[in-house]
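Structural description and commentary
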Amino acid sequence: MKGGGSGRGAPRVFLLAGTSEARALAARLAQAGVDATASLAGRTSAPAPLALPTRVGGFGGVEGLKRYLADNRVTHVVDATHPFAAQMSANASAACAALGLPLIAYARAPWRPEPEDRWIEVADNAAAVAALGAEPRRVFLTIGRQGIADFRAAPQHDYVLRVIEAPDPNDLPPNCALIFARGPFARAEETALMQERRVEVVVSKNSGGALTYAKIEAARALALPVVMIAPPAREGVALAHDAEAVMAFLRA
Ligand code: NAP
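Residue numbers run consecutively from 1 along every chain, following the written order of its sequence. Confidence filtering applies because this is a predicted model: local features only for residues at pLDDT of at least 70, side-chain atom pairs given and counted only at 80 or more, and all residues used for totals across whole chains, interfaces and linings. Working from all heavy atoms in the structure, the side-chain values ignore hydrogens and water.

Here the focus is the nonpolar core. By nonpolar core is meant a set of buried Ala, Val, Leu, Ile, Met, Phe, Trp, Tyr and Cys residues that side-chain atoms within 4.5 Å join together. Think of it in three bands: with a 1.4 Å probe and only protein chains considered, a residue is buried below 20% of the maximum accessible area for its type, exposed above 50%, and partly exposed in between. Leu15, Leu25, Leu29, Val78, Tyr106 and Val246 are the most contacted members of the largest nonpolar core, which has 22 residues in total. Numbered from the N terminus, helices here are DSSP runs of H or I no shorter than four residues, and strands are runs of E no shorter than two. Put simply, the parts of the chain that give this core at least two residues each are β1 (12-16), α1 (20-31), β2 (35-40), β5 (103-106) and α7 (243-251). Whether two residues touch is decided by their heavy atoms; if any such pair falls within 4.5 Å, the residues are in contact. Once residues lying within four places of it in the same chain are set aside, the contact partners of Leu15 are Ala22, Leu25, Ala26, Leu29, Thr37, Ala38, Ser39, Leu52, Val78 and Ala80. Counting residues in each nonpolar core, the second largest holds 19 residues, with Val139, Phe151, Leu172 and Val227 among its members.

Here it is in structure tokens:
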């Protein structure tokens, strides 16, 4: 797979990004001289730069994405969005199927519980809300900004919500303290935070990867339950858990 040019036969890769895995893959593609462009949703106002030319913002759904891929003569699509970015992944799958373009999803493997973990595994936010129960509890919400409004259905709890950027105040449950921080976090830091805030239960997406795993280790050390939300299924798309598999797919 030689880089340079996008002439007939040379792969032209489109990388749907927004994760640390995508950033690492962008660097690898750039280093290999692959003709590739990355794409960010534009949710974060100052995203860490990528090693590839990068476009920012939505496409306007499947039709817009199809247009973009065709106009830019893309030959391969890598979906390295977050495992919970279900809409973008579904759109990529539909657009690539319609255009007959090869697509690979690149995502970190989900975490698996250790014997000492006290996980309550649930399918989605509504099930996470139900799993918190009727009794008021001190809840550490580590699911980002999106979907926070679902927790308004359980106003009896005291929430500590950690986010990178300010959420819409209308989305917040009534008793909700905000912490602004961007990972990675250290285990000692996470343990201290949970103790200081007298956290009784943690709510987390099962995002996998090392960057945010410290909270799971801290909850384990403190014997706290974790309501663990499973990633949405990616149906019918080739899935790679490591960059080498993506490179092999692009070479094939
Ligand atoms: P989403 O719900 O699946 O996507 C919503 C819409 O945002 C998409 O339909 C698309 O708009 C646009 N979009 C999403 N990713 C894009 C990308 N890489 N490039 C261009 N447009 C994109 O996604 P999300 O959960 O809002 O996540 C947005 C971004 O944040 C993703 O890049 C994801 O990797 C990253 N992220 C998400 C999470 C999470 O927990 N969901 C966590 C960390 C990082 P159009 O329909 O207009 O094309």
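As a structural note, the neighbourhood of the ligand is formed by 23 residues, with Ser39, Arg43, Phe59, Met88 and Lys205 the closest of them. Counting of polar contacts relies on pairs of N or O atoms within 3.5 Å, with two restrictions inside protein: one atom must be capable of donating a hydrogen and the other of accepting it, and residues adjacent in sequence are counted only when both atoms are side-chain atoms. At a separation of 3.4 Å, an oxygen atom of the ligand approaches a polar backbone atom of Ala86. Relative to its unbound accessible area of 810 Å², the ligand is 80% covered by the protein chains. For the shell around the ligand, the elements supplying multiple residues, two or more each, are β2 and α3 (86-99). When residues of the shell around the ligand are assigned to their parent elements, the largest contribution, 4 residues, is made by α3. Classes in brief: Ala, Val, Leu, Ile, Met, Phe, Trp, Tyr, Cys and Pro nonpolar; Asp, Glu, Lys and Arg charged; the others, Gly included, polar. The residue makeup of the shell around the ligand, split by class, is 8 nonpolar, 12 polar and 3 charged. Near is defined per residue: the residue qualifies when any heavy atom it owns lies within 4 Å of the molecule or strand. Surface exposure here means Shrake-Rupley accessible area, sampled with a 1.4 Å probe, where a residue is shielded only by the protein chains that are shown.

Inter-axis angles, ranging from 0 to 180 degrees, are taken between N-to-C directions of lines fitted to C-alpha atoms, where helices are fitted over the stretch in contact. Remark: α1 packs on α7, axes separated minimally by 11 Å, with the N-to-C direction vectors making an angle of 45 degrees. By the criterion of interaxial angle, the relationship of α1 to α7 is oblique. In this structure, α1 crosses over α7, and the sense of that crossing is right-handed. Between α1 and α7, the residues in contact are Leu25, Arg28 and Leu29 and Ala243, Glu244, Val246, Met247 and Leu250, respectively. Counted by class, the contact of α1 with α7 contains 6 nonpolar, no polar and 2 charged residues. Orientation is classified from the angle alone, with under 35 degrees giving roughly parallel, over 145 giving roughly antiparallel, 65 to 115 giving roughly perpendicular, and any other angle giving oblique. Take the far helix as the reference: if the near one is turned anticlockwise from it by less than a right angle, the crossing is left-handed, and if turned clockwise, right-handed.

Without other data, these values stay purely geometric and don't point to any function.
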